[in-house]
Amino acid sequence: MRKTVIRSAAAAILVLCAGSFGSHAQDASEKEIERYREMISDPMSNPGYLAVDRGEALWSEARGTKNVSLETCNLGLGAGKLEGAFAQLPRYFADADKVMDLEQRLLWCMQNIQGLDTKDVIARRFSGPGRASDMEDLVAYIANKSNGMKIDIPLSHPKEQEMVAVGEALFYRRGGVNDFSCATCHADDGKRIRLQGLPNFSKPGKPAQETMGGWPTYRVSQGALRTMQHRLWDCFRQQRWPVPEYGSDVITALTSFLQKQAVAGELNVPSIKR
Amino acid sequence: MKRVLTLAALVLAAGSHTTSASAQTAAKAPDPALVDAYMKSTFGKAPPEWQARIEPDETLKTCNAYHNEVPSAEADKITARELARVVYPADGKFLGNWKEGAKIANNGRGGQFSDPPDTVAGGNCYACHQMEQKEVSYGTLGPSLTNYGKDRKYDPQEIKNAFTKVYDSQAMFACSNMPRFGVNKVLSEQQIKDIVAFLFDPESPVNK
């Protein structure tokens, strides 16, 4: 019920921007959307917080062949310490000898701590009608524990530096039938595709901070909590690239690069977006 | 010697930018083999024809290395190479049906992994360009094309240039952000003629 109301409100605002204002009143409609966002972006009306609650239950649920919870999983700041962990991801984990984002790390903990066969979890990586996603719920719960904190990924380990450098190269790598890269749409200020504004990620600053500070998010148009894994999967779809493997290194490299551009941005998640 | 010159050009190119990000990049761009290993881990399970699409050709390799800001010597090489790839209509006619062109300009389907494989691709021109004035939902990544033909007095050379630009944008402008629609076989020759007509037919709403 609540979901339907929010969706129709969003649809009404979208119609308003596309129809009566038109491009000439772009600023006015942007302001309207901003006002709408503020109106619904509190925990009491953001359905993304339902995912936070589900994630909290999943975190402490005993599963896998070892029948234990995830509560001893180290997300970078110590076993089971969640406060502030998301603000410092992706990062290097010595036990896995790998730089990982939150989703890669959670899969690692499921496999290594719980002895859980993650095939089913990966099959449900993106939720759909009648299909919950453990990963989306866990990310919502854990990311929420960094609210009010500033993005600050560690870059001292050579593998962390490599991740960011490769991420930057990938940001500019063109391909697919339309020769598109991330930079095609996200390397200039004040551009838009159709009526959609495009943040510039080619330099550190506010557009990157506001974007990365707002993921994971509840996508009203999809009626689902989405993480950066889904956002980049959808970017590659629109870029006319092949399907990217979930929780793989190109996604982590791009996430690391974006996080570096977003350093000092404040997290407020799950947010709510179109 | 040549290497020294190239290096000097790189330093100059990097220095001319105001943003420090691109300056840093030229200095520590990762080994291409390393980037390829990342690509393999993420896209290695895709069908071979999909993987082939993200293998950069010589032109894209240069664009990638310079983040599209190519020095003029490299730019000349690219435009010469790409111009040679343009196949002009055998009948010498560049103008198709503007009404079909209008539909192609508004169609963003095709080429996405979510599209059925037999999807006829559109040009999706409005994603980046303003065209006919009554369409208010247009992007700004490319310049406005409103009154494109009228402003060019329907000049035959400009018509040919427009065909070239849509067929292979980089034949006109090295590392242009615009897709190479003809070369990459996204649009057929007839579709490109229809788009050129949408730009140049005096009856087209682009010129009204």
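Data block above holds the structure.
Residues numbered from 1 in each chain as written. Chains lettered and ligands numbered in written order. Predicted model: local features only at pLDDT ≥ 70, side-chain atom pairs only at ≥ 80, totals over all residues. Heavy atoms only, no water.

Asks: Would you mind showing me how to read the overall build of chain B here?
Replies: Looking only at helices and strands, one finds ten helices and zero strands in chain B. Put simply, chain B runs from its N terminus to its C terminus through helices and strands in the order α-α-α-α-α-α-α-α-α-α. Looking at the 208 residues of chain B, the share that counts as buried comes to 44%. Here the contacts in chain B between residues at least 6 apart in sequence split such that 57% fall between residues at least 24 apart. Within the structure as shown, chain B displays about 11,000 Å² of accessible surface, and the carbon and sulfur contribution to it stands at 57%. (Helix = DSSP H or I, 4+ residues; strand = E, 2+ residues; numbered from the N terminus. Buried < 20%, exposed > 50% of the residue type's maximum accessible area, 1.4 Å probe, protein only. Contact = heavy atoms within 4.5 Å. Areas by Shrake-Rupley, 256 points an atom, 1.4 Å probe, with all protein chains shown as cover.)

Asks: Looking at this structure, how should I read the overall build of chain A?
Replies: The helix and strand tally for chain A stands at eleven helices and seven strands. When each of the 274 residues of chain A is scored for burial, the buried share is 57%. Restricting the contact set of chain A to residue pairs at least 6 apart, pairs at least 24 apart contribute 66%. Surface summary for chain A: the accessible area is close to 11,400 Å², and the carbon and sulfur share equals 54%.

Asks: How should the nonpolar core be read in this particular structure?
Replies: As a rule of thumb, nonpolar side chains are buried together in soluble globular proteins. Ranked by size, the top nonpolar core spans 66 residues in total, and within it Trp59, Leu75 and Leu106 of chain A carry the most contacts. Non-local contacts of Leu106 of chain A, meaning those with residues more than four positions away in its chain, are made with Trp59, Leu70, Leu75, Met135, Leu138, Val139 and Ile142 of chain A. Grouped together as the second largest cluster of nonpolar side chains are 31 residues, Leu145, Ile159, Ile195 and Val206 of chain B included. (Core = buried A, V, L, I, M, F, W, Y, C linked by side-chain atoms within 4.5 Å.)

Asks: Could you clarify how one ought to interpret the interface of chain B and chain A in this entry?
Replies: Interface size is often expressed as the accessible area that is lost when the parts come together. Counting from both sides, the interface comprises 53 residues of chain B and, opposite them, 46 residues of chain A. Contact with chain A buries surface across chain B, with Tyr38, Phe113 and Leu141 of chain B losing the most and accounting together for 17% of the total. Linking chain B with chain A are three salt bridges, by the criterion used here. In this structure, the salt-bridge partner of Arg173 of chain A is Asp36 of chain B, at a minimum N-O distance of 3.6 Å. The interface formed by chain B and chain A contains 24 residue pairs in polar contact (both at pLDDT 80 or more). Taken together, the elements giving at least two residues each to the side of chain B that touches chain A come down to helix 2 (20–27), helix 3 (32–43), helix 4 (48–53), helix 5 (58–65) and helix 7 (98–106) of chain B. For the side of chain B that touches chain A, the element with the most residues is helix 3 of chain B, which contributes eight residues. (Buried area = accessible area lost by both parts, 1.4 Å probe. Salt bridge = Lys/Arg side-chain N within 4 Å of Asp/Glu carboxyl O. Polar contact = N/O pair within 3.5 Å; in protein donor to acceptor, adjacent residues only side chain to side chain.)

Asks: Can you walk me through the packing of helix 9 (residues 156–167) of chain B against helix 10 (residues 189–200) of chain B in this structure?
Replies: All names here are of chain B. At a closest axis distance of 10 Å, the pairing of helix 9 and helix 10 adopts a crossing angle of 130°. Relative to helix 10, the element helix 9 is oriented oblique. Here helix 9 and helix 10 pass one another in a crossing that is right-handed. For the pair helix 9 and helix 10, the contacting residues are Glu158, Ile159, Ala162, Phe163, Val166 and Tyr167 in the first and Glu189, Ile192, Lys193, Ile195, Val196 and Phe200 in the second. When grouped by side-chain class, the residues that make up the contact of helix 9 with helix 10 number nine nonpolar, no polar and three charged. (Axes fitted to C-alpha atoms, helices over the stretch in contact; angles between N-to-C directions. Parallel < 35°, antiparallel > 145°, perpendicular 65-115°, else oblique. Left-handed = near helix turned anticlockwise from the far one by under 90°. Nonpolar A, V, L, I, M, F, W, Y, C, P; charged D, E, K, R; others polar.)

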